[in-house]
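Here's the letter readout for the chains.
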Amino acid sequence: MQGAAALDWDLSRVEGILAHYGERREALISILQDIQDQYNYLPPEVLQVVAARLGIPLSRIYKVATFYKSFSLVPRGRHEIKVCMGTSCHLRGAPRILEGLERHLCVKNGGTTEDMRFTLTTVNCVGACALSPVMVVDEDYHGSATPSGIASALNQYD
Ligand code: FES
């Protein structure tokens, strides 16, 4: 029963997005971007609704969704942690930051915590080498990161 209620709530959000774009097929990418923003990923149930309403084959929607790196087909956490693994950060201890995060969050690189709070990923140089090693949480750059500072750095994200 609780699942059905959650699904109704979810679908009401996609209805709003479809209405905003007038259910136009050519707005597919914008519609998927809004869905990604709303749900933090592209839920399969929602993609089925989009396919039916726009009259587009579901396979085409998946093709678009997998082509763009910004779309995710699996649930993601409310906050994304990106550990920079570029050369400068790597040399200054990024692997230890990643290991520390994996231990602290109990997830592997690419994983999402059970409470959906964080998704942990790695990236190449984020352009802040002077601050290396760097981890980026959402839009916040945390420079000179240390394994012992991980817990306090993440405390501010609920
Ligand atoms: S290598 Fe990490 S910011 Fe450049």
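Summary of the structure given here. All figures in this text were calculated on a predicted structure; none of them were measured in a lab.

Attention shifts here to the nonpolar core. Counting 23 residues, the largest nonpolar core has Val14, Leu28, Ile31, Leu32, Ile35, Val50 and Ile61 as its most contacted members. Elements that contribute at least two residues to this core include exactly helix 1 (2-20), helix 2 (28-39), helix 3 (44-54) and helix 4 (58-67). Residues in contact with Ile61, not counting those within four places in the same chain, are Leu28, Leu32, Leu47, Val50, Ala51 and Ile56. Ranked by size, the runner-up nonpolar core spans 16 residues in total, among them Val83, Ile97, Leu154 and Tyr157.

What follows covers the environment of Leu73. Positionally, Leu73 belongs in the loop between helix 4 and strand 1 (79-84). Distance from Leu73 to Pro44, taken between C-alpha atoms, is 7.7 Å for residues 29 residues apart in sequence. When residues no more than four places from it in sequence are discounted, the contact partners of Leu73 are Tyr41, Leu42, Leu47, Tyr62, Ala65 and Thr66.

Attention now moves to the pattern of salt bridges. The final tally for this structure, using the stated rule, is four salt bridges. Put simply, Arg53 and Glu15 hold a salt bridge, and the shortest N to O gap is 2.8 Å. Separated by 38 residues along the polypeptide, Arg53 in helix 3 and Glu15 in helix 1 bring together distant segments of the chain. The exposure class of Arg53 is partly exposed, given its relative accessible area of 32%. Given a relative accessible area of 33%, Glu15 falls into the partly exposed group. A salt bridge links Glu26 to Arg24; its shortest N-O distance comes to 3.9 Å.

A few words on the packing of aromatic side chains. When we look at a pair of aromatic rings, we describe it by the centre distance and by the angle of the planes. Within this structure, the stated rule accounts for two aromatic pairs. Centroid distance Phe67 to Tyr68: 5.0 Å. Interplanar angle 85 degrees. Geometry classified as edge-to-face. Under the relative-accessibility criterion, Tyr68 is labelled partly exposed at 33%. Ring centres 6.0 Å apart and planes at 85 degrees place the aromatic pair Tyr68 and Phe71 in the edge-to-face group. You can call Phe71 buried: its relative accessible area is 9%. By way of ring pairs, the aromatic residues Phe67, Tyr68 and Phe71 are connected into one cluster.

What follows is about the packing of helix 2 against helix 3. For the pair helix 2 and helix 3, interaxial distance at closest approach is 12 Å and the crossing angle is 155 degrees. With respect to each other, helix 2 and helix 3 are oriented roughly antiparallel. For the pair helix 2 and helix 3, the sense of crossing is right-handed. On helix 3, the residues touching Leu28, Ile31, Leu32, Ile35 and Tyr39 of helix 2 are Val46, Leu47, Val50 and Leu54. A per-class count over the contact of helix 2 with helix 3 returns nine nonpolar, no polar and no charged.

Quick look at helix 2 now. Between its first and last C-alpha, helix 2 extends 16 Å over 12 residues, near the 16 Å set by a 1.5 Å rise per residue. Among the residues of helix 2, those classed as buried are Leu28, Ile31, Leu32, Ile35, Gln36 and Tyr39. Seen along its axis, helix 2 keeps its buried residues to an arc of 140 degrees; they face one direction. Just downstream of helix 2 lies Asn40, where phi reads positive at about 70 degrees.

Definitions and cut-offs
- Residues numbered from 1 in each chain as written.
- Predicted model: local features only at pLDDT ≥ 70, side-chain atom pairs only at ≥ 80, totals over all residues.
- Heavy atoms only, no water.
- Core = buried A, V, L, I, M, F, W, Y, C linked by side-chain atoms within 4.5 Å.
- Buried < 20%, exposed > 50% of the residue type's maximum accessible area, 1.4 Å probe, protein only.
- Helix = DSSP H or I, 4+ residues; strand = E, 2+ residues; numbered from the N terminus.
- Contact = heavy atoms within 4.5 Å.
- Salt bridge = Lys/Arg side-chain N within 4 Å of Asp/Glu carboxyl O.
- Phe/Tyr/Trp six-rings, centres within 6.5 Å; stacked < 30°, edge-to-face > 60°.
- Axes fitted to C-alpha atoms, helices over the stretch in contact; angles between N-to-C directions.
- Parallel < 35°, antiparallel > 145°, perpendicular 65-115°, else oblique.
- Left-handed = near helix turned anticlockwise from the far one by under 90°.
- Nonpolar A, V, L, I, M, F, W, Y, C, P; charged D, E, K, R; others polar.
- Expected span 1.5 Å × (residues − 1).
- Arc of directions from axis to C-beta.

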